[in-house]
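Spelled out, the chains give:
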Amino acid sequence: MADNSLTEESPSASPTAVAMRRMLPVDMVERGRCPFDPPPGLRGEGAVRPLDLLNGARAWLVTGFEEARTVLSDARFSADKVRHRDATSMQPHEVAATEAAEPSKAEVAEREDGLFVFMDPPEHTRLRRLLTGQFTVRRMRELESRVTEIAVEHIEAMKAAGTRADLVPAFALPLPSLVICELLGVDYADRAEFQERTAVGLNANSTPQEQAVARAELYAFMRRLVAGKRSNPADDLLSGLIRDADPPLTDAQLVDVALVLLNAGHETTANMLGLGTFALLEHPGQLAALRADPGLIDNTVEELLRFLSIIQLGVSRVSTEPVTLGGVDIPAGATVVIATPEVNRDPRHWPDPDALDLHRSRTPHLAFGHGVHQCLGQQLARIEMRTGLGELISRLPDLRLAVPAEQVPVRNEMLIFGVRSLPVTWS
């Protein structure tokens, strides 16, 4: 549930994210022969370097761990995409007009939306504090119990159907979807509709028209959900936001918040479950170590988060004044793009960073971001990964790929990397 990979809080299907994907050279977003390694275009000299976008604008690419932490924690780098123009979302004619003028800040009296991932303090602070108050220890414990029930239910359904399945629709996608239903308080009778809308909107094989219709229907679904929580509050996150916010949040803000949580916490976790399983199956020595010692599961989750870093280039900031970063001078108004897959492979921070090592010392990574936008749902994401992977391995002890690894289709054209399907089999 994140804004930089499972990272921060950013909605993966947001217009900003889609625009960024279109403005980057192919070798910066499409992984090479090994589906687990960063795109080859991210590899180069220097922790901070110029990045020429396809719209003619110049941005700055950050691939160093410490430099990325600085960008994510320094108030001189803004996440506010309303007040500051992000070069990755500009058309060529807008780039030319911007370069001919001094960097400027759009005058916005007050943000009235709920897209807190694209806000700076103090506007971000209020919404973030409200949401943090909803991710209580009690709620996480209750959700952990439900995650286990959901995981076991879907694995047993796979086993009952035979000895082969596509792990993505059978397990990786429904698990986080149903957990989000629990978090937001979606009625059981409405969960099929909720899953259908999210599945179409996130399916790369859907046409643009189908996705647009699904997004509109999902927005309408969320509006009905918010209205229902106002009239009949329950013990869920949306009801808590309605009860605790002072001044109250508008329906539009609540819908925005719900959609951010859905986008940030659904597709990211689903792809980590699918790709993480693929990575383990392709590293049999590491998988054998985990089978021999289930206590390695927490280390496994952290190492997979570091090793895979599925948000290709989903985190950007705009400098509000001139900044020197990693010895490089960045002007005011510049767009800075954090390459999380490469940041989490920084050899200055990890020995042998390109190896998957489940015994690696627990060193902080940036899969969940850093600073004020660090993923507020990271604990839940870890629970889903720990439980999902743990139950798969224990209940399907001879789980293996049903096709050669090179035949597993990957989502190279998407900002959130993963596998489209993962055919698996067991005895």
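Residues numbered from 1 in each chain as written. Predicted model: local features only at pLDDT ≥ 70, side-chain atom pairs only at ≥ 80, totals over all residues. Heavy atoms only, no water.

Undergrad: So what about the state of the cysteines? Which residues, and what values?
TA: Evaluation of the coordinates by the stated rule reveals zero disulfides. With no disulfide partner, C375 has as its closest neighbouring cysteine sulfur the one in C181, 18 Å distant. (Disulfide = S-S within 2.5 Å.)

Undergrad: Explain the environment of A212 residue by residue, including any values.
TA: With respect to the helices and strands, the residue A212 is situated in helix 9 (residues 208-231). On the accessibility criterion, A212 (38% relative accessible area) is partly exposed. (Helix = DSSP H or I, 4+ residues; strand = E, 2+ residues; numbered from the N terminus. Buried < 20%, exposed > 50% of the residue type's maximum accessible area, 1.4 Å probe, protein only.)

Undergrad: I'd like a rundown of the environment of P25, residues and numbers included.
TA: Mapped onto the secondary structure, P25 falls in the loop between helix 1 (15-22) and strand 1 (48-52). On the accessibility criterion, P25 (23% relative accessible area) is partly exposed. As for P25 and L325, which are separated by 300 residues in sequence, their C-alpha atoms are 23 Å apart. Non-local contacts of P25, meaning those with residues more than four positions away in its chain, are made with D52 and L54. (Contact = heavy atoms within 4.5 Å.)

Undergrad: Tell me about the packing of aromatic side chains, and name the residues and values.
TA: This model, assessed by the stated rule, comprises three aromatic pairs. With a centroid separation of 5.3 Å and an interplanar angle of 80°, the aromatic rings of F65 and W350 are classed as edge-to-face. Placement of F65 in helix 2 (residues 65-73) and of W350 in the loop between helix 15 (340-343) and helix 16 (378-395) is noted, with a sequence separation of 285 residues between them. Here the aromatic residues F36, F278 and F307 are joined through ring pairs into a cluster of three or more. Here the basic side chain of R31 rests over the ring of F417, its NZ or CZ set 4.3 Å away from the ring centre. In this structure, R306 packs its charged tip against the face of W350, placed 5.6 Å from the ring centre. (Phe/Tyr/Trp six-rings, centres within 6.5 Å; stacked < 30°, edge-to-face > 60°. Lys NZ or Arg CZ within 6 Å of the ring centre and 35° of its normal.)

Undergrad: Account for the sheet that holds strand 10 (residues 423-425), with residues named and values stated.
TA: Taken together, the three strands give an open sheet; going across it, the order is 4-10-9, and neighbouring strands pair in antiparallel fashion. Strand pairing shows two members of the sheet lacking a second neighbour, strand 4 (164-166) and strand 9 (400-401), which therefore form its edges. (Pairing = 2+ DSSP bridges.)

Undergrad: Tell me about the pairing of strand 5 (residues 315-319), residues and numbers included.
TA: Summarising burial for strand 5: five of the five residues are buried, a large majority. Across the two faces of strand 5 the burial is the same, with V315, R317 and S319 and S316 and V318 all buried. Across two bridges, strand 3 (residues 77-78) lies against strand 5 in antiparallel orientation. Across the sheet, S78 pairs through a bridge with V318, a residue of strand 5. Sheet topology places strand 5 next to strand 8 (residues 335-338); four bridges connect them, and they run antiparallel.

Undergrad: Before we move on, could you go through the sheet that holds strand 8 and cite the residues and values that matter?
TA: Across the sheet, five strands lie side by side as 1-2-8-5-3; this open sheet has mixed pairing. Edge strands, defined here as strands with exactly one partner in the open sheet, are strand 1 and strand 3. Examined bridge by bridge, strand 1 and strand 2 (residues 58-62) share five bridges and lie antiparallel to one another. When the sheet's bridge partners are listed, L51 is paired in strand 2 with A59. Where helix 2 meets the sheet, its contacts fall on strand 1, strand 2, strand 3, strand 5 and strand 8, and the angle it forms with strand 8 comes to roughly 125°. (Axes fitted to C-alpha atoms, helices over the stretch in contact; angles between N-to-C directions.)

Geometric values such as these leave the question of function open.
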